[in-house]
Amino acid sequence: MEHGNHLTEKEERKAYLILADGTVYQGKGFGAAGTTMGEVVFTTGMTGYQETLTDPSYYGQIVTQTFPLIGNYGVNEFDSESKKSWVKGYIVREWCEEPSNFRCGKTIDQYLKEQNVIGIYDIDTRALTKKTREHGVMNGAITTELPGDMDAFLQELKAYTIRDAVKSVSCTDQRFHQADQQQLHVALYDYGSKENILRSLLERGCSVTVVPYNTSVEEILKINPDGIMLSNGPGDPSENTEPIAILKELMNAEIPIFGICLGHQLLALANGADTQKLKYGHRGANQPVVDTVRGRVFITSQNHGYAVVGETLNQEIGFVSHHNANDGSCEGITYHNGRAFTVQFHPEACAGPLDTKYLFDTFIGLMKQQ
Amino acid sequence: MPLRNDIKKVLVIGSGPIIIGQAAEFDYAGTQVCRTLKADGLEVVLVNSNPATIMTDKTMADKVYIEPLTLPVLKKIIKIEKPDSILPTMGGQTALTLSMQLAKEGFLKEQNVKLLGATPETIDKAEDRQLFKDMLESIGEPVIPSKVVTDIDDALAFAEEIGYPVIVRPAYTLGGTGGGIASSKKQLLRIGENGLRLSPINQILVERCVSGWKEIEFEIIRDSRNNTITVCSMENVDPVGVHTGDSIVVAPAVTLSDKEYQMLRTASINIIQALGVEGGCNCQFALNPDNFEYAVIEVNPRVSRSSALASKATGYPIAKVASKIAIGYTLDEIINTVTGKTYACFEPALDYIVVKFPKWPFDKFVYAKRTLGTQMKATGEVMAIGTTFEQAMMKAVRCIELNLDSLNLKKLKEKDPDTIEELLHHCDDERIFVVYEALKRGISIDTIFEITKIDRWFINKLNNLIKMEHTLSQGELTQDKYKRAKKLGFLDKTITTLSGQQPPQKLYASYKMVDTCAAEFAAETPYFYSTYDEENEAREFIEQHSTGKKKVIVFGSGPIRIGQGIEFDYCSVHCVTALKEAGYEAIIVNNNPETVSTDFDISDRLYFEPLTPEDVDSILETEQPWGVVVQFGGQTAIKLTKHLKNKGIKILGTSADSIDAAEDRERFDKLLEHCNIPRPNGRMAYTTEAAVKEAQKLGYPVLLRPSYVLGGQNMIIAHGKNDVIEYMDIITATELENPVLIDKYLMGTEVEVDAVCDGDDFLIPGIMEHIERAGVHSGDSISIYPPQTLTQEIRDTIVEYTGRLAKELNVSGLVNIQYVIYQGQVYVIEVNPRSSRTVPYISKVTNVPIVDLATKVALGAKLKDLGYGSGVCPEGDYVAVKVPVFSFPKLHDADNHLGPEMKSTGEVLGIDHDLETALYKGLIAAGYEMHKVGDSVLITVKDSDKPEVVPLAQKFVDFGYKIWATKGTAEYLREHGVPSEIVNKHDGPSPNTSDLFDTGEVDFVVSTSTIGRKPAVHSVQMRRKAIERNIACLTSIDTANALANSLLMRKTLEDFNMVDIVKI
């Protein structure tokens, strides 16, 4: 038969998702081939998979997309949140072979192959999500070959932990970014910063010096910034003893501080509060957050597995300014010194709603006041 | 903020009769609203003219007025009831417009009544073109640039400014005559000059052409604290140019990257905040597929068809939340009933994809223009949920009841590839099937995209289905291949046909829950859709929520279409309620997103699925019900009977065999003979030749129809051989499984009866008499309860026959019987052992809960124990008149001549102490102007009607009208002493009928003709013209007489009392 359109279905190779509790899901492989281990988490965002794949906060994690159709608009050269993909693996129900969008550069399969990310599809992602929800986050592995010795494999899987996350994703050298019409200068601590934090500052007339996570107070002061931005980042916040020590010191400098996500957690730790691991975290673009000062709820983008325990914050130092409307967890702190405020969610969005980007303006206001 | 303390009594305005563009979605919204307000302890007063709705049930509100939705009526009710507030945003455009008028006239202020949800300023900003544009510009949101010009140079200059292509819309020409799309200066010169010439005021609108852009919608909710969320995004498969109600729509949007998505989401939020809506709002955008450019198309500051769809697509009850907001609550105070744990202030996350598919009436209006554009033509819609687009799409085409199991349309198979490519240019109801066929013929995806502008994403997905068809047709049907096909939505039957093999091991569907949160939180919603995964959440749910009660499945009625409307949803909902009350677990299966029955808190479990045998099998497999109910879901559910019986499923109520006995002509004839009940003579035929022969034997006129139909689908009265031939040609174009029935046509009084029967006893709540004589479909007739002209003897005969038939057929539950009274004798025309469209209204006016009783009887109860007696109920103090409502202005080329084929889309009720007043109210509610606007009436009737038209014309003359008539009619009238002026046919020399219509002097047209339907026929064209000029067109002498009698009462609504039906 003469035919202009492809009639053959896509090639398939078997792949397996193995969870630390021994559950094995059979699916099909895409992206890179091989074996990978990580912490299995899920995100409920329905768009923004490219931002997810390139968000350094996912370091060490295997990401499950709850939305079943992934890769619909392909991968483009504009929307990455960092230079590479940091996920340890990628789980979807279906990926799109024929993406469609004017900016589409390649398919998600091509991108994952380039990034050497092992993916698995044709998985009942809803069943997996429910399991994660009930059990809490669990380690898992994606492999194209079932292990010969499953017990040994599971031992290894259970032992897997994310270590030195921030160190692994942070930049190693300072880098200056000039704003078109510079009004202010911000030092951005890169704990695994998403590009859009930088973009959000630049488009508001802030030149930015991105600095490594362990940059000392001395060095920061040398830059003479108008404000300090603490970025998002991966892993267990309490592990980061060096940055926490630095932040303790910085609290005393007369410089405004704005923290996002991990930055929020680290500043809280520096001020004596505790953090805890959430059962399965908040990952998605639909998290409602109550701003107690404004008396309003905002829909936010989130990606975190740990949270500040609001009750442990010394009330003389600061107060919980935001909380999650669903589970009440701490989503933001304003410090009484009038210079520092932090949020757990992502006002820089990408992916997700832009409803809280005004926080960048608040930060700029603070800097101008100083 | 909690409930406002200045709100105690709220007036809720419904949307009136079902018409194209305003359907059951407002019953769904209104019902949610009434329940919500009552739950908050508020007193609710409801006004809606539509008796077929759940919202007008006596238990839904404290006061229920089934009265015309007009200003005088609302004013009167406000004065009687003295509500402190009105909720204007729940009853579609009708309620919004009326509320605005009340506010603008200062009436609300005078009466101290508040508008909730939206202020007049808000509504104006969204509805008034200029204010809307100004508002958008003030917040920097782009509108489609346009300019009104009166000369061609201005047009050209503006086009230069905004860029080609542009759309030219001449002012005040009908249906956009003279407009068009200009892609160049040369074209604009031609189209523009033509348009200026055709416009009576020499004015055209030049507008940037965005047809072919993506059409994206957002449903948004905002509260008084400015908390704003988007419930759902939707993407139209058909790009800008096709009305969203006529588009195939997916949710969520799939071809947008996060950047485009957030851009439009933010725009929606900016708009609703600028408007200041407190409640639900819908924003429609056109998005350039090649860059980030977009424009706002439309904003609706109220709940809408899209919000109903978004509610069902996400599980987020928009109307409920919007009404809570209207009475003072904020989003963070309203519990999300789906999870029971989280609040309404969040955005639903979907882990499936939804496809909405419109249901068009073109199977009824075979000659209507099928082209889709800015005027919506669909009467209803279906929704399908899947984990793949392909699966959802395949389910959707099964839901629309075109007898399709895939996207293959038989009639396209024989067309050559050139024709198929040609057809791609036609944007009509079948285009998606043409795209599918084009792919099969090897027409490239790019070519299809270039022609249709349907995003390649969708075309590629359709191509995946074709790939699977190809795979299935090759080689062995392995279990793996079979499973992949199931995941793409193929039925076993299709797989077997394509592969020539049986599946190695049959798979039943498993079910996933719709939970608003993509499984992030545990949910309690009993709302399911099928997939082909291992985990079956419905089964888990059943195990976890085991009640020990017997389970009964109620099959719903699918999409709203002419002949099967909202009435059947009303019946399904009542059946569910009755089952629950009787201690059963009630499960509903349906696929219509507009309805109350698919609200997830109506039943114990809801399956949003197609109603085909295989789809139903999987549900049976999971549920293992004790019994099923088919008698309330119209023909959609009845069609499943045979299949269910063969599977050994317990059908509650009337047995499959009895249903067959009523539908099978030969069995039915024998039964009537046995009961000694006469029916009009009738025969059967499979071929044109046989039909002509049989018709001749019976003697014309005869009634032709296929067996097994609802709503008189494809039914005609043939007055001669040519009619029979024309009809048989259409009917035999598709394969005839069942014969065509040919009956002697008796032009007598038509009478209808709904009865509940238990095998021994029967109960008739009331006998209904039609104003129009037999020949006009019962659904299109004005129906009166109680009957006005029947002698006691005839009534007794009807009751007697009903009892005999019910017993003989062994009906258990509901039966609807239609009789014709001809020359003093009662004949049976039709027996339907199921619910009917008169059930809702007759339940309300007689106070007999018909569905409730029928359900109990079907479960084994006896009428004598149910407290409503037996035989025929005594008549009440009120006369109720059901008047049909049509959507003809929206359907080009459809003939509006009433006949045996049903054409109305909805109905209204007039209710009062006497017939005249009730009829008057009914006619007003149906939209007839009951006072003189112009000064004349046009009459043109067929010869056989001429004697009767004389007294009719005299009535119009008595009322003060001048009579215009076509030559034959005029002469006849003059001969019989009625003055009339001759007018030529519409294409004859002046004065012709078109001239009359254009001047606006004609208020009514009375037109009957022997031949009809074809758009080329003179009388059809004349009637179409009248409809387009919004002139009431009466095609039955009986309707015209009723109307003339009402006119002669010379009353206005001010003269009448308002009836609270809760009290009757």
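Residues numbered from 1 in each chain as written. Chains lettered and ligands numbered in written order. Predicted model: local features only at pLDDT ≥ 70, side-chain atom pairs only at ≥ 80, totals over all residues.

## Digging into the interface of chain A and chain B
- Taken together, the contacts link 48 residues of chain A with 53 residues of chain B.
- Counting residues per element, the ones that place at least two in the side of chain A that touches chain B are helix H3 (125-135), strand E15 (275-291) and strand E16 (296-308) of chain A.
- Considering every element that reaches the side of chain A that touches chain B, the biggest residue donor is H3 of chain A, with six residues.
- Here the residues of the side of chain A that touches chain B sort into 18 nonpolar, 17 polar and 13 charged. (Contact = placed C-beta atoms within 7 Å. Helix = DSSP H or I, 4+ residues; strand = E, 2+ residues; numbered from the N terminus. Nonpolar A, V, L, I, M, F, W, Y, C, P; charged D, E, K, R; others polar.)

## Section: the nonpolar core
- Membership of the largest hydrophobic core comes to 448 residues, with the highest contact counts inside it found for Val12, Leu46, Val554 and Val756 of chain B.
- Looking at this core, the element that brings in the most residues is helix H21 (residues 566-581) of chain B, giving nine residues.
- Per-domain counts for this core show at least three residues from each of domain 1 (14-162) and domain 2 (166-369) of chain A.
- The contact partners of Val554 of chain B, leaving out residues within four places of it in the chain, are Ser572, Cys575, Val576, Ala586, Ile587, Ile588, Val629 and Phe632 of chain B. (Core = buried A, V, L, I, M, F, W, Y, C linked by C-beta atoms within 7 Å. Buried ≥ 20, exposed ≤ 12 C-beta atoms within 10 Å, placed from the backbone. Domains from an automatic or database assignment.)

## Considerations on the sheet that holds strand E9 (residues 204-208) of chain B
Residues and elements named next belong to chain B.
- Strand order in the open sheet made by the four strands is E6-E9-E7-E8, with antiparallel pairing throughout. With one partner strand each, in any of the chains shown, strand E6 (146-149) and strand E8 (180-182) form the two edges of the open sheet. Averaged over all adjacent pairs, the angle separating strand axes in this sheet is 25°, with direction ignored.
- Where strand E7 (residues 166-170) lies against E8, three bridges are found, and the strand directions are antiparallel. Looking at E8, one finds that Val166 is bridged to Ala182.
- Lying on the sheet, helix H7 (residues 152-162) is in contact with E6, E7 and E9; it crosses E9 at an angle near 10°.
- Contacts between helix H8 (residues 185-198) and the sheet are confined to E7, E8 and E9, with E7 contributing the most and set at about 15° to the helix. (Pairing = 2+ DSSP bridges. Axes fitted to C-alpha atoms, helices over the stretch in contact; angles between N-to-C directions.)

## Describing the pairing of strand E11 (residues 228-236) of chain B
Residue and element names in this part refer to chain B.
- Judged by how many residues are buried, E11 sits mostly within the fold: nine of nine residues are covered.
- Bridge count between strand E10 (residues 214-222) and E11: seven bridges; the pairing is antiparallel. By the bridge assignment for E11, Ile216 is matched with Glu235.
- The antiparallel pairing of E10 with E11 creates a hairpin that spans five residues between the two strands, and Asn226 there sits at a positive phi of about 75°.
- When E11 meets strand E12 (residues 249-251), the two strands line up antiparallel, connected through two bridges.

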